[in-house]
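Topology and contacts: notes
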Amino acid sequence: DASLLGRLSSMVPGFVCNKFGFTGPSYSVQAACSSSLVALHSAVQMMRTGVLDAALVGGGEEPLSALHFLEFSVLGALAGLAGQNRPPEAMSRPFDRQRDGFVMGEGAGMVVIERESVALRRGARIYGYITGVGASNTETGMVESSRHSQIRAMRASFEGLSYGPESVDLVECHATSTRQGDSEEVQALKSFYPANKQTVLAGFKSQIGHTLGAAGINSLIRGV
């Protein structure tokens, strides 16, 4: 759509609010592959401060074009880094020694988060609880992963909780299957979660591809 309302990403949540009569804050988040989780983080903070009682949070990605593939290829992240002609499932293997970059995917996902009292009052099925959130930024580069920033985010997510990393059974990872990204993520996880406990690592991108702005919320849904 070439119109103003068609070009502004903030119109997407606006249209949703118009359709369903939502009256709270409405905006879009642009934070690359973490966009949908940054939106979730923002919604949780607004619920904690009393701005919202409930929120519809999600992420989506526009249909892939040739430019997407060219851009990620230049970054050295796209599947096929080894130059071998292999099927996608053989390349997109998070944390595997033979990982060979990520496979692109298209998708979207949305979740409803609300206060427990609101969910119970309307008889909603509760799939899980958000007990903590954390965020950080890699200040040393625009693209490269950093174990230090990931550790900061994980540490922040446990602040004020009655339990720690030793109680976590499953971590739904970023797990892009890129050489540098996976290595930094593994180092962050190893330094944060206790070595004497089995914690399962999962990576949804290995099944549906990297859905870019929707990747975080899709992994959350699969994890739940």
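Note: the structure precedes this text.
Nothing here was measured: the structure is a model prediction, and the numbers come from that model.

In this section: the packing of aromatic side chains. Enumeration according to the criterion identifies five aromatic pairs in this entry. Ring geometry for Phe 158 against Tyr 163: centres 6.0 Å apart, planes inclined by 85°, an arrangement best described as edge-to-face. Since its relative accessible area comes to 14%, Phe 158 is described here as buried. Seen in terms of ring centroids, Phe 158 and Phe 192 are 5.6 Å apart; in terms of plane orientation they differ by 40°. Their pairing is tilted. Note that Phe 158 is positioned in helix α7 (residues 147-158) and Phe 192 in helix α8 (residues 179-192), a separation of 34 residues in sequence. Overall, the relative accessible area of 16% leaves Phe 192 in the buried class.

Here the focus is the nonpolar core. Judged by nonpolar contacts, the single largest core of 13 residues is most densely connected at Ala 43, Leu 52, Ala 55, Val 57, Val 111 and Ile 113. Contributions of two or more residues to this core are made by α3 (35-48), β1 (54-60) and β2 (108-114). Apart from the residues within four sequence positions on either side, Ile 113 is in contact with Leu 40, Ala 43, Val 44, Met 47, Ala 54, Ala 55, Val 57 and Ile 130. Counting residues in hydrophobic clusters, the runner-up holds eleven residues, among them Ile 151, Leu 189, Phe 192 and Tyr 193.

Conventions and cut-offs
Chains are numbered independently. Their residues run from 1 in the order of the written sequence. Reporting in this predicted model follows two pLDDT cut-offs: at least 70 for local features of residues, and 80 or more for side-chain atom pairs to be given and counted; totals over whole chains, interfaces and linings ignore these cut-offs and use all residues. The basis for the side-chain values is all heavy atoms of the structure; hydrogens and waters are excluded. Planes of paired rings set the category: under 30 degrees apart is stacked, over 60 is edge-to-face and the rest tilted, where pairs are Phe, Tyr or Trp rings (Trp by its six-membered ring) whose centres lie within 6.5 Å. Only protein chains enter the area calculation, which uses a 1.4 Å probe; residues under 20% of their type maximum are buried, those over 50% are exposed, and those in between are partly exposed. Secondary structure elements follow DSSP: runs of H or I no shorter than four residues count as helices, runs of E no shorter than two count as strands, and numbering proceeds from the N terminus. Nonpolar core, defined: a set of buried Ala, Val, Leu, Ile, Met, Phe, Trp, Tyr and Cys residues in which side-chain atoms within 4.5 Å join the residues together. By definition in these notes, contact holds between two residues if any of their heavy atoms fall within 4.5 Å.

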